[in-house]
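In case you want the letters, here they are:
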Amino acid sequence: MRAEVAIVGFGRTPYSRVKPGERIYTVDEYLAWAADLALAKAGMSKNDFDGQGLGVAHAEAAHTVNWSAAVAESLGISPRVLLRADQGGASASAMLIRAAAMIHAGIVDRVLVMGADTPLTIPSIAPGLPLSPERTRGVFWDFQGPFGVMGANAQFGLVHARYLHQHKNRIKPEHLGKIAVTTRYHASLNPGAIYRKPFTVEEYLSSRILSDPVRLLDCVPMVNGGLAYIVTSVETAKKLTDKPIYLLGFGEVSNYYHGSRNQPDITYTGFEQTVPEALKMAGVQHKDIDVFEPYDDYPMVVLIQMEDYGFCKKGEGGKFVEERDLTFKGDFPISTDGGQLSGGQPGGAIGGFMPIIEAVTQLRGEGGERQVKGASIAAASGFGGMTYARNNRSCVTMIFGSEA
Amino acid sequence: MAQTPQGKPLPQITDQTRPFWSAAKQRKLVMQKCDRCGTLNFYPKPWCVECGNRGLDWVEVKPYGTIYSLTTAYVVMMNYPDWKDDLPVIMCIIDLDDGARMYGQLTDCAPDKAHIGMRVQAHFVDISEEAAIPKFRPA
Ligand SMILES: [Zn+2]
């Protein structure tokens, strides 16, 4: 499956924090907007996807029966195959793998993959909170909400606190601050990012604690928005663009345990399984990776990825961050678009498009002021959902290249 | 969406989960034990996550454990607004002595005194006519 498909188009709508007086867009409108940008980039029309593949990531705001088919209807596309992923922040990358497999099998030649959500205008059980009714149904919620678990901040706070406990002499808040500061610096160079005013490590350290040890500047800000990409066979890709970006390798796992099922070590993620698979398929090594686009909703999640990707050993993430320059000019560039931390997260399920689209942007040399010079190989992550009292639910690793 | 008078979320009690809530009402902590491999399953599962056996018996477990991790919430996030009355909420992952792991709120303890490795004991707080929630305090 190495380099059998390529991304030929991509789009990211402007993000919104729903300021008073702003035009409020629906999920359908964001999907069409993102698809329009991706189609324009690829020089294609929506009618090129009749008889082909159409993928849509689960959106909480648009929850309805037959959601993917309803999207096809609203866009006026008659696809042969519909994909719908509900793997949260791994949805975008999971659909890339499904699309690649369908193209490999000859079922379709191309797939338009989209995601959008409007968490700031979601129907919520609690005014002002992005807490949709579907999050508050079922046994999984019943053993968390009534117990007082405060969503992602608590879930990541528990992972964060355990990490600090296991590596207390090797990790400092300043390490996580450096990651947060780097994303904001990159956001300042990306007109599409939602928070663009740089801050310092000192400002990070003085930001208030929301769920100890998680600070305000550790937390991903929600936005409304949409993203899309187009993946196709290499043959078609070469006809469409002189800059196809190849999917060189991938690995995926859901519901990963490090240790026993009942009492695993929650400071590890499934990336320790997916990364070796992806690197092997791609035929590349860590040193070949020019830019890393982690799933970046919390700095601790980024640090854990550096370790579980094998860029450094478990527990050495702090030292690694300290020694490396994480900016686009540096020796280990990460989150070059500003990440979700400073760029914004269009709902828990859609932020996973951002690492893919930024990796492709960098490999095409279209990063503008934040371009990593000469980037030809990128690693990117999908990271979706949180389990009960463990780490996340789905991990996807992707290796992209500008050469096949 | 059902709410308590205090406006905190209430579980939707089903035949699957009723034994847990009813037992908590009786001040007992129960979990599903696999009748084939003996694994304790929590939260309630449709079969044993260890061996796939659907034969799960609700058994009482010792209400003692150790804090595996903890986070102290100073704001309400992704939960019902009336949790604000309880802030700060110390939320823990508890490793029970009998081998299961669960979320539990630590009460009767200042945030700066709570720590990983702390021994804790369950107590129970009624939330409705049918259900109580296990919380924990220093043992
Ligand atoms: Zn069993």
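Residues numbered from 1 in each chain as written. Chains lettered and ligands numbered in written order. Predicted model: local features only at pLDDT ≥ 70, side-chain atom pairs only at ≥ 80, totals over all residues. Heavy atoms only, no water.

Examining the overall build of chain B
Consideration 1: The number of helices and strands found in chain B is 1 helix and 8 strands.
Consideration 2: The order of helices and strands in chain B, counted from the N terminus, is α-β-β-β-β-β-β-β-β.
Consideration 3: Compactness check: chain B gives a C-alpha radius of gyration of 15 Å against a globular reference of 14 Å for 139 residues, within 12% of the reference.
Consideration 4: Its C-alpha atoms give chain B principal-axis dimensions of roughly 45 × 35 × 25 Å.
Consideration 5: Taking all 139 residues of chain B together, the buried fraction comes to 51%.
Consideration 6: Long-range pairs, those at least 24 residues apart, make up 51% of the contacts in chain B with a sequence separation of at least 6.
Consideration 7: On chain B, roughly 6300 Å² of surface is accessible, and the fraction owed to carbon and sulfur atoms is 48%.
Consideration 8: Charge centroids of chain B, computed over 16 positive and 16 negative side chains, lie 2 Å from each other. (Helix = DSSP H or I, 4+ residues; strand = E, 2+ residues; numbered from the N terminus. Rg over C-alpha atoms; globule rule 2.2 N^0.38 Å. Buried < 20%, exposed > 50% of the residue type's maximum accessible area, 1.4 Å probe, protein only. Contact = heavy atoms within 4.5 Å. Areas by Shrake-Rupley, 256 points an atom, 1.4 Å probe, with all protein chains shown as cover. Lys, Arg positive; Asp, Glu negative; His and termini not counted. Charge placed at Lys NZ, Arg CZ, Asp CG, Glu CD.)

Some points on the coordination of the zinc ion
Residues and elements named next belong to chain B.
Consideration 1: Only C34 (SG), C37 (SG), C48 (SG) and C51 (SG) from the protein reach the zinc ion as donors, at distances of 2.3 to 2.4 Å.
Consideration 2: Here the zinc ion is ringed by 4 donor atoms whose angles at the metal span 102 to 116°, and the overall shape comes out tetrahedral.
Consideration 3: In terms of primary sequence, the donors binding the zinc ion are separated according to C-x2-C-x10-C-x2-C. Linking C37 in the loop between strand 1 (30-34) and strand 2 (40-41) with C51 in the loop between strand 2 and strand 3 (56-60), this pair joins segments that are 14 residues apart in sequence. (Donors = N, O, S within 2.8 Å, 3.2 Å for Na, K, Ca; no water. Tetrahedral: all angles 85-135°; square planar, octahedral: opposite > 155°, others 65-115°.)

What about empty space enclosed by the protein?
Residues and elements named next belong to chain A.
Consideration 1: Evaluated as defined, the whole model comprises 4 cavities of 30 Å³ or more.
Consideration 2: By volume, the largest cavity amounts to about 90 Å³.
Consideration 3: Forming the walls of the largest cavity are 17 residues, and the residues nearest its centre are Y256, Y257, Y268, N391 and N392.
Consideration 4: In terms of residue count, strand 11 (residues 392-401) provides more of the lining of the largest cavity than any other element does, 4 residues in total. (1 Å grid on protein atoms, 1.4 Å probe; cavity = no way out; pocket = protein on both sides within 12 Å on 5 of 7 lines; lining within 4 Å. Points joined across faces, edges and corners; volume = space filled by probe spheres on them.)

Topic: the sheet that holds strand 4 (residues 110-117) of chain A
Where strands meet in a sheet, backbone hydrogen bonds hold them as pairs that are either parallel or antiparallel.
Residues and elements named next belong to chain A.
Consideration 1: Taken together, 9 strands build an open sheet; the order of strands is 3-2-4-7-1-8-11-10-9 and the sheet is mixed. Each having just a single partner strand, strand 3 (81-85) and strand 9 (291-293) make up the two edges of the open sheet. For this sheet, the mean angle separating the axes of adjacent strands, direction not counted, is 25°.
Consideration 2: As judged from the 5 bridges shared by strand 2 (residues 53-57) and strand 3, these two strands associate in the parallel manner. (Pairing = 2+ DSSP bridges. Axes fitted to C-alpha atoms, helices over the stretch in contact; angles between N-to-C directions.)

A look at the nonpolar core
Consideration 1: Residues M114(A), I230(A), M306(A), I399(A), L96(B), M102(B) and L106(B) are the most contacted members of the largest nonpolar core, which totals 122 residues.
Consideration 2: For this core, the element with the most residues is helix 1 (residues 27-42) of chain A, which contributes 8 residues.
Consideration 3: The residues that make up this core include at least three from each of domain 1 (5-126 + 224-245) and domain 2 (145-220 + 247-401) of chain A.
Consideration 4: Not counting residues within four places of it along the chain, the set of residues in contact with L96(B) comprises Q263(A), L29(B), M31(B), V61(B), K62(B), Y64(B), G65(B), M102(B) and F136(B).
Consideration 5: One finds M102(A), V111(A), I357(A) and A378(A) within the second-largest nonpolar core, a separate group that totals 46 residues. (Core = buried A, V, L, I, M, F, W, Y, C linked by side-chain atoms within 4.5 Å. Domains from an automatic or database assignment.)

So, the side chain of Q52(A)
Consideration 1: Relative to the elements of secondary structure, Q52(A) occurs in the loop between helix 1 and strand 2.
Consideration 2: Beyond its immediate sequence surroundings of up to four residues, Q52(A) is in contact with P79(A), R80(A), V81(A), V108(A), D109(A) and R110(A).

Concerning the packing of helix 6 (residues 173-188) of chain A against helix 10 (residues 299-308) of chain A
Residues and elements named next belong to chain A.
Consideration 1: At a minimum axis separation of 9 Å, helix 6 and helix 10 run at an interaxial angle of 105°. One element, helix 6, and the other, helix 10, form an angle in the roughly perpendicular class. Of the residues in helix 10, those touching helix 6 at L176, I179 and A180 are P299, M300, V302, L303 and M306.
Consideration 2: Classifying every residue of the contact of helix 6 with helix 10 by side-chain character gives 8 nonpolar, no polar and no charged. (Parallel < 35°, antiparallel > 145°, perpendicular 65-115°, else oblique. Nonpolar A, V, L, I, M, F, W, Y, C, P; charged D, E, K, R; others polar.)

So, unusual backbone geometry
Apart from glycine, the bulk of residues carry a negative phi angle, and the bulk of peptide bonds sit in the trans form.
Consideration 1: Cis geometry marks the peptide bond from F42(B) to Y43(B), where omega comes out at -5°.
Consideration 2: Residue placement: Y43(B) occurs in the loop between strand 2 and strand 3.
Consideration 3: Note the cis peptide between L87(B) and P88(B), where omega equals -5°.
Consideration 4: Mapped onto the elements of the fold, P88(B) is located in the loop between strand 4 (64-73) and strand 5 (89-96).
Consideration 5: Of note, the phi angle at A389(A) is positive, near 60°, even though the residue is not glycine.

Considerations on the sheet that holds strand 1 of chain B
Residue and element names in this part refer to chain B.
Consideration 1: Reading across the sheet, the 3 strands line up as 2-1-3 and stay open at both edges, with antiparallel pairing between neighbours. With one partner strand each, in any of the chains shown, strand 2 and strand 3 form the two edges of the open sheet.
Consideration 2: Here strand 1 runs beside strand 3; their pairing, made up of 5 bridges, is antiparallel. Counterpart to Q32 in the pairing with strand 3 is W58.

A closer look at the pattern of salt bridges
Residue and element names in this part refer to chain A.
Consideration 1: Per the stated rule, a full pass over the model turns up 24 salt bridges over all chains.
Consideration 2: Ionic pairing is found between K314 and E307, a salt bridge with its closest N-O pair at 3.1 Å. Take K314 and E307: they sit in the same class, and that class is buried.
Consideration 3: For the salt bridge of K314 with D308, the shortest nitrogen-to-oxygen distance reads 3.0 Å. As far as the burial class goes, K314 and D308 line up, both buried. (Salt bridge = Lys/Arg side-chain N within 4 Å of Asp/Glu carboxyl O.)

Considering the packing of helix 5 (residues 151-166) of chain A against helix 10 of chain A
All names here are of chain A.
Consideration 1: Following both chains from N to C, one finds helix 5 and helix 10 inclined at 55°, their axes separated by 10 Å at the closest point. By the angle between their directions, the pair helix 5 and helix 10 is classed as oblique. You can see that helix 5 and helix 10 cross each other, and the crossing is left-handed. For the pair helix 5 and helix 10, contact is made by F156, V159, H160, Y163 and L164 and by M300, V301, L303, I304 and E307, respectively.
Consideration 2: When the residues that make up the contact of helix 5 with helix 10 are grouped by side-chain class, the tally is 8 nonpolar, 1 polar and 1 charged. (Left-handed = near helix turned anticlockwise from the far one by under 90°.)

Considering the domain arrangement of chain A
Residues and elements named next belong to chain A.
Consideration 1: Entries for chain A in the domain assignment read domain 1 (5-126 + 224-245) and domain 2 (145-220 + 247-401).
Consideration 2: Computed from C-alpha atoms alone, the centre-to-centre distance between domain 1 and domain 2 is 23 Å.
Consideration 3: In this complex, domain 1 contributes 40 residues to the contact, which on the side of domain 2 involves 39 residues.
Consideration 4: Summing both sides of the interface, domain 1 and domain 2 together bury roughly 3100 Å²; the carbon and sulfur share of this comes to 67%.
Consideration 5: Summed over the shared surface of domain 1 and domain 2, the number is 4 salt bridges.
Consideration 6: One salt bridge connects R98 with E252, and the closest N-O pair in it is separated by 2.8 Å. (Buried area = accessible area lost by both parts, 1.4 Å probe.)

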